[in-house]
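Chain by chain, the residues:
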Amino acid sequence: MIRHLLPALLALLPLPAVAAPMLITADRVWDGEAMHAGWQVLVDDGRIMAVGPNLASPADAQRIALPGQTLLPGFIEGHSHLLLHPYDKVPWDAQVLKESEAYRVARAVVHAKATLLAGFTTVRDLGTEGAGNADVGLKRAINEGHVPGPRMVIATRALVAPGSYAPKNDAWAVPQGAEEADGPNLVSAVRRQIGAGADVVKLYGDYRWRPGEGSRPTYSQAEIAAAVAASHDAGRQVAVHANTAEAMRRASAAGVEVIEHGCEGDAATFALMAKNKTVLCPTLAAGDAIARYRGWNGQEPAPADVQQDRAAFQLAMKAGVPICMGGDVGVYEHGTNAREMLLMAKAGMANAAVLTAATAGNARYFGLSDRGRVAPGLLADLVAVTGDPVADLAAVTRVRFVMKGGAVVRAD
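Residues numbered from 1 in each chain as written. Predicted model: local features only at pLDDT ≥ 70, side-chain atom pairs only at ≥ 80, totals over all residues. Heavy atoms only, no water.

**Points about the pattern of salt bridges**
Operational definition: We count a salt bridge whenever a side-chain nitrogen from Lys or Arg sits within 4 Å of a carboxyl oxygen from Asp or Glu. Helix and strand labels come from DSSP, where a helix needs a run of H or I of at least four residues and a strand needs a run of E of at least two; each type is numbered from the N terminus. Exposed residues in this analysis have more than 50% of their type's maximum accessible area, buried residues have under 20%, and partly exposed residues fall in between, with area computed by a 1.4 Å probe over protein chains only.
All chains considered together, the criterion is met by 20 salt bridges. Here Arg157 ties to Glu179 by a salt bridge, and the two come within 3.6 Å at their closest N and O atoms. Here Arg157 is found in the loop between β8 (151–154) and β9 (159–160), whereas its partner Glu179 is found in strand β10 (residues 179–180), with 22 residues between them in sequence. On the accessibility criterion, Glu179 (6% relative accessible area) is buried. Between Arg210 and Asp170 there is a salt bridge, and its shortest N-O distance comes to 2.8 Å. Of this pair, Arg210 sits in the loop between β12 (206–207) and β13 (216–217) while Asp170 sits in the loop between β9 and β10, placing them 40 residues apart in sequence. According to the relative accessible area criterion, Arg210 is partly exposed, its value standing at 36%. A residue is classified by how much of its surface remains accessible, and Asp170, at 70% relative accessible area, is exposed. Each of Arg157, Glu179 and Arg192 takes part in one network of salt bridges that share partners.

**Quick word on the pairing of strand β11 (residues 200–204)**
The line we're drawing: The pairing criterion is simple: DSSP has to find at least two bridges between the two strands.
Burial analysis of β11 places five of its five residues in the buried class, the great majority of the element. Along β11, one buried face is formed by Val200, Lys202 and Tyr204 and the opposite face, lined by Val201 and Leu203, is buried too. As judged from the five bridges shared by β11 and strand β14 (residues 237–242), these two strands associate in the parallel manner. In the sheet register, Lys202 faces β14, and the bridge partner there is Ala239.

**Notes on the packing of helix α9 (residues 284–293) against helix α10 (residues 304–319)**
For any two helices packed against each other, the geometry comes down to the angle between their axes and how far apart the axes lie. Quick reminder of the rule: Each axis is a line fitted through C-alpha atoms, taken for helices only over the stretch in contact, and angles between the N-to-C directions span 0 to 180 degrees. Between 65 and 115 degrees an angle is taken as roughly perpendicular, under 35 as roughly parallel, over 145 as roughly antiparallel, and anywhere else as oblique. With the far helix as reference, a near helix turned anticlockwise by less than a right angle produces a left-handed crossing, and one turned clockwise produces a right-handed crossing. Two residues form a contact once any of their heavy atoms are found within 4.5 Å. Here the nonpolar group is Ala, Val, Leu, Ile, Met, Phe, Trp, Tyr, Cys and Pro; Asp, Glu, Lys and Arg are the charged ones; every other residue, Gly included, is treated as polar.
As a packed pair, α9 and α10 sit with axes 9 Å apart at the nearest point and diverge in direction by 165°. Taken together, the axis directions place α9 and α10 in an arrangement best described as roughly antiparallel. Between α9 and α10 lies a crossing whose hand is left-handed. Here α9 contributes Leu284, Gly287, Asp288 and Ala291 to the contact with α10, which in turn contributes Val306, Asp309, Arg310 and Phe313. Per-class residue counts for the contact of α9 with α10 are four nonpolar, one polar and three charged.

**Overview of the sheet that holds strand β7 (residues 120–125)**
Pairing in this open sheet of three strands is parallel, and the strands run β6-β7-β8 from one edge to the other. In this open sheet, the two edge strands, each paired with only one partner strand, are β6 (75–80) and β8. For this sheet, the mean inter-axis angle between neighbouring strands, taken without regard to orientation, is 20°. Direction of pairing for β7 relative to β8: parallel, over a ladder of four bridges. Paired with Thr122 across the strands is Arg151, a residue of β8.

**Quick word on unusual backbone geometry**
In most cases, non-glycine residues show a negative phi, while peptide bonds are predominantly trans. The residue after Ala166, namely Pro167, is reached through a cis peptide bond having omega 0°. Looking at where Pro167 falls in the secondary structure, it is placed in the loop between β9 and β10. One non-glycine residue, Ala158, lies in positive phi territory at about 65°. Inspection of the secondary structure puts Ala158 in the loop between β8 and β9.

**Quick word on the packing of aromatic side chains**
Counted only if it meets this: Only rings of Phe, Tyr and Trp enter the pairing, Trp through its six-membered ring, and a pair is recorded when the two centres are within 6.5 Å. The plane angle decides the type: under 30 degrees is stacked, over 60 is edge-to-face, the rest tilted. Look at NZ for Lys and CZ for Arg. If either is within 6 Å of the ring centre and within 35 degrees of the ring normal, a charge sits over the ring.
Summed over all chains, the structure comprises five aromatic pairs. Each ring, one from Tyr165 and one from Tyr207, has its centre 4.8 Å from the other, and the planes form 70°; the classification is edge-to-face. Of this pair, Tyr165 sits in the loop between β9 and β10 while Tyr207 sits in strand β12; the two residues are 42 residues apart in sequence, bridging distant segments of the chain. For the pair Tyr165 and Tyr207, one class covers both residues: buried. Measuring from centroid to centroid gives 6.1 Å for Tyr204 and Tyr207, while their planes differ by 80°, and the two rings are edge-to-face. Assessed through its relative accessible area of 3%, Tyr204 is described here as buried. The rings of Trp92, Tyr165, Tyr204 and Tyr207 are connected pair by pair, giving a single aromatic cluster. Directly above the aromatic system of Tyr207 lies the positively charged group of Arg208, at a separation of 4.6 Å from the ring centroid.

**Thoughts on the packing of helix α3 (residues 101–117) against helix α4 (residues 134–143)**
For the pair α3 and α4, interaxial distance at closest approach is 11 Å and the crossing angle is 40°. Overall, the two elements α3 and α4 adopt an arrangement that is oblique. The two elements α3 and α4 meet at a crossing, and its hand is right-handed. Listed contacts from α4 to Glu101, Val105, Ala108, Val109 and Ala112 of α3 are Ala134, Leu138 and Ile142. Broken down by class, the residue content of the contact of α3 with α4 amounts to seven nonpolar, no polar and one charged.

**Focus: empty space enclosed by the protein**
The criterion, for reference: A 1.4 Å probe that fits into a set of points on a 1 Å grid over the protein atoms alone but cannot get out defines a cavity; an open set with protein on both sides within 12 Å along at least five of seven lines defines a pocket, and lining residues are those with an atom within 4 Å of a point. Grid points are joined across faces, edges and corners, and a volume is the space filled by probe spheres set on the points.
Applying the stated rule across the entire model yields three cavities of 30 Å³ or more. If you add up the space inside the largest cavity, you get close to 90 Å³. Lining the largest cavity, in full, are Leu284, Gly287, Asp288, Val306, Asp309, Arg310, Leu343, Lys346 and Ala347. Contributing elements (two or more residues each) for the lining of the largest cavity: α9, α10 and α11 (339–346). Grouping the constituent residues of the lining of the largest cavity by class yields four nonpolar, one polar and four charged. Space inside the second largest cavity adds up to approximately 50 Å³. Taken together, Pro73, Gly74, Ile76, Thr121, Thr122, Asp370, Arg371, Gly372, Arg373, Leu378, Leu379 and Asp381 form the lining of the second largest cavity. Looking at the lining of the second largest cavity residue by residue, the class counts come to four nonpolar, four polar and four charged.

Here it is as structure tokens:
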């Protein structure tokens, strides 16, 4: 009897609303690589259906006019930590040691919303920094629509060589900001993190062994190569934190996809990265923020560390290294992700190249073939800003409209 009644009962249930197609018109459209005046974008069922001038659209299409604005692909943040908050408010050690995972997740929900409303519809989140696998749950909650936030590419706990990371304490063992593993155990840890939900594997290729020391390589060439092989077998990319030229060389030679930071890279190292097509994620905004926390007022000449970051970035561009847009946000305020874009331009990258890095470039480098461009068939992740960001890159801070998967999440 129940079996026969079920179709009738289901017919009485309210059906989910089917969104009408949307025709979006802006002054211009940045497609991820070039600007087009007079283009329109037709969106339906969460995807971009058509782009170009004078599009034919269904009669029931909702029309969205964005006068004076530029429509772009949703920005992709290349290096974030949604489970951290700015170090000038609470130092990193205190966050790892004194804040519960539940408290940090609650704050991360707020960070995720701020990130999305700033036009960043995807983030590559490179480690929970002591919050276990909390990014797995945050990503699921966003994907299921329980909380607003960007699409997440996550690294779970990240991996460090024993004794190399932090916090440090001479009196007793303290919780670490990443999982410790080396030798044969490193491959096991890679597999364990992937099994727990990691979309990308992150290694710390160098670090400061003791406070006050400079960074030194922490993993051997063989260890990195073994971790890369295990990651690639599982279809995962590898990101390596590396500041020293030697750690960068080892990472590039091992076949990692992206090197994070790279502030001590030299011409030879960047030439190797260009040859191997190893991407650099420069994180200029993190160094800039830390310098300001230490008292720098932003005026030139900049502190030595900031100048070193800029010089390495310029060497990498000169060598032809692929460069992604990622600022290590979490060191500074979530939702101000565009800070990195402005600093890239200030350090010498053309505005159009910065826009590509934050959209089509990051999508290509991270293997995200369904986003990063305004093109038919791709996800309808879109952002509109006031003005023309090719002429004035500061326009990326003037976000007025955000769409994720065809749903409007911001419309000023």
